[in-house]
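Each chain is listed here by its residues.
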Amino acid sequence: MTVSNWIFLATAAALLLMSWRSLRPPLRHGFYRLFGFQAINALAWLSYPAWRLPTEHPLQLLSGLLLLCSLYLVVHGLYLLVCRGGRNEQRRDPGNFAFENTARLVDEGLYGYIRHPMYASLLFLLWGFYLKAPGVVTTLLVVGGSLALFKAARVEEWENLRTFGRVYRAYIRRTRMFIPYLF
């Protein structure tokens, strides 16, 4: 077995261990997010050989742009959640990562335009890996992963409506899910 195969299997196992609490309350956002994570892992593994292709190819350029956008979204989104959201010690959802249990709704920075910069990051990562090596299997993975991440975002919105109530409903009306002014 090759090194890349071992890395793929180790990453899949690590993602499962990291997300096991998300599986205990089934059909919560973490349940669907795990499938998105696994699709990203599989696409990264399948696209690995394509990373040596010339970067001038239009698909490689678009892939690189999506991967850079993904990096920006996750870093800035995480920064805002941790620094602006505070920590709610009473809100201990076992399916959440610690940074998700915020004391207040974050609606500034990226969150002033889109409700889910972290999921947008994962979608950009998913599609960035896909564009490295499009094919039948990778198409199935990117579609399945996209659907899982979209469902995770929708379920998280229902959870946030229960947590933040009318404030979150107003936030939904003035922002988009993943792409400012579009979607």
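Everything numeric here is computed off the predicted structure, so don't read it as measured data. (Residues numbered from 1 in each chain as written. Predicted model: local features only at pLDDT ≥ 70, side-chain atom pairs only at ≥ 80, totals over all residues. Heavy atoms only, no water.)

Summing up its helical and strand segments, the chain has 6 helices and 0 strands in all. Listing each helix as α and each strand as β along the chain from the N terminus yields α-α-α-α-α-α. The C-alpha atoms of the chain give a radius of gyration of 17 Å, which matches the 16 Å a tight globule of 183 residues would have. With the principal axes as the frame, the chain shows a C-alpha extent of 50 × 35 × 25 Å. Buried positions account for 43% of the 183 residues belonging to the chain. Within the chain, contacts between residues at least 6 apart in sequence are counted, and of these 71% link residues at least 24 apart. By element, 70% of the accessible surface of the chain is carried by carbon and sulfur atoms, the whole surface being about 10,300 Å². Separation between the mean location of the 20 positive side-chain charges and that of the 9 negative ones in the chain comes to 4 Å. (Helix = DSSP H or I, 4+ residues; strand = E, 2+ residues; numbered from the N terminus. Rg over C-alpha atoms; globule rule 2.2 N^0.38 Å. Buried < 20%, exposed > 50% of the residue type's maximum accessible area, 1.4 Å probe, protein only. Contact = heavy atoms within 4.5 Å. Areas by Shrake-Rupley, 256 points an atom, 1.4 Å probe, with all protein chains shown as cover. Lys, Arg positive; Asp, Glu negative; His and termini not counted. Charge placed at Lys NZ, Arg CZ, Asp CG, Glu CD.)

Let us look at the packing of helix H2 (residues 29–47) against helix H4 (residues 117–132). One way to put it is that H2 packs onto H4 with a least axis distance of 8 Å and a crossing angle of 25 degrees. Comparing their axes, H4 and H2 come out roughly parallel. Here H2 and H4 pass one another in a crossing that is left-handed. Contacts between H2 and H4 involve His29, Arg33, Phe37, Ala39, Ile40, Leu43, Ala44 and Ser47 on the former and, on the latter, Tyr119, Leu122, Leu125, Leu126, Phe129, Tyr130 and Lys132. A per-class count over the contact of H2 with H4 returns 11 nonpolar, 2 polar and 2 charged. (Axes fitted to C-alpha atoms, helices over the stretch in contact; angles between N-to-C directions. Parallel < 35°, antiparallel > 145°, perpendicular 65-115°, else oblique. Left-handed = near helix turned anticlockwise from the far one by under 90°. Nonpolar A, V, L, I, M, F, W, Y, C, P; charged D, E, K, R; others polar.)

Moving on to the packing of H4 against helix H5 (residues 136–164). At a minimum axis separation of 10 Å, H4 and H5 run at an interaxial angle of 180 degrees. The angle between H4 and H5 places the two elements in the roughly antiparallel class. When H4 is examined against H5, the residues Tyr119, Leu122, Leu123, Leu126, Trp127 and Tyr130 are found in contact with a partner set consisting of Thr138, Thr139, Val142, Gly145, Ser146, Leu149, Ala152, Ala153 and Glu156. Per-class residue counts for the contact of H4 with H5 are 10 nonpolar, 4 polar and 1 charged.

Right, let's get into the pattern of salt bridges. In the structure shown here, the tally under the stated rule is 6 salt bridges. Between arginine 174 and aspartate 107 there is a salt bridge, with its nearest N and O atoms 2.9 Å apart. Taken together, the residues span a long stretch of sequence, with arginine 174 in helix H6 (residues 166–174) and aspartate 107 in the loop between helix H3 (58–85) and H4 at a distance of 67 residues. On the accessibility criterion, aspartate 107 (32% relative accessible area) is partly exposed. Salt-bridge contacts for glutamate 157 lead to arginine 115; the nearest nitrogen and oxygen are separated by 2.5 Å. Residue glutamate 157 is found in helix H5, and its partner arginine 115 is found in the loop between H3 and H4; the two are separated by 42 residues along the sequence. (Salt bridge = Lys/Arg side-chain N within 4 Å of Asp/Glu carboxyl O.)

Along the chain, glycine 165 turns up in the loop between H5 and H6. With relative accessibility at 25%, the residue glycine 165 sits in the partly exposed group. Sequence separation between glycine 165 and leucine 141 is 24 residues, and the spatial gap between their C-alpha atoms is 35 Å.

The residue tyrosine 181 is not glycine, and still its phi comes out positive at about 65 degrees. Mapping tyrosine 181 onto the fold places it in the segment after H6. Using a relative accessible area of 65% as the deciding quantity, one classes tyrosine 181 as exposed.

Keep in mind these numbers describe shape, not what the thing actually does.
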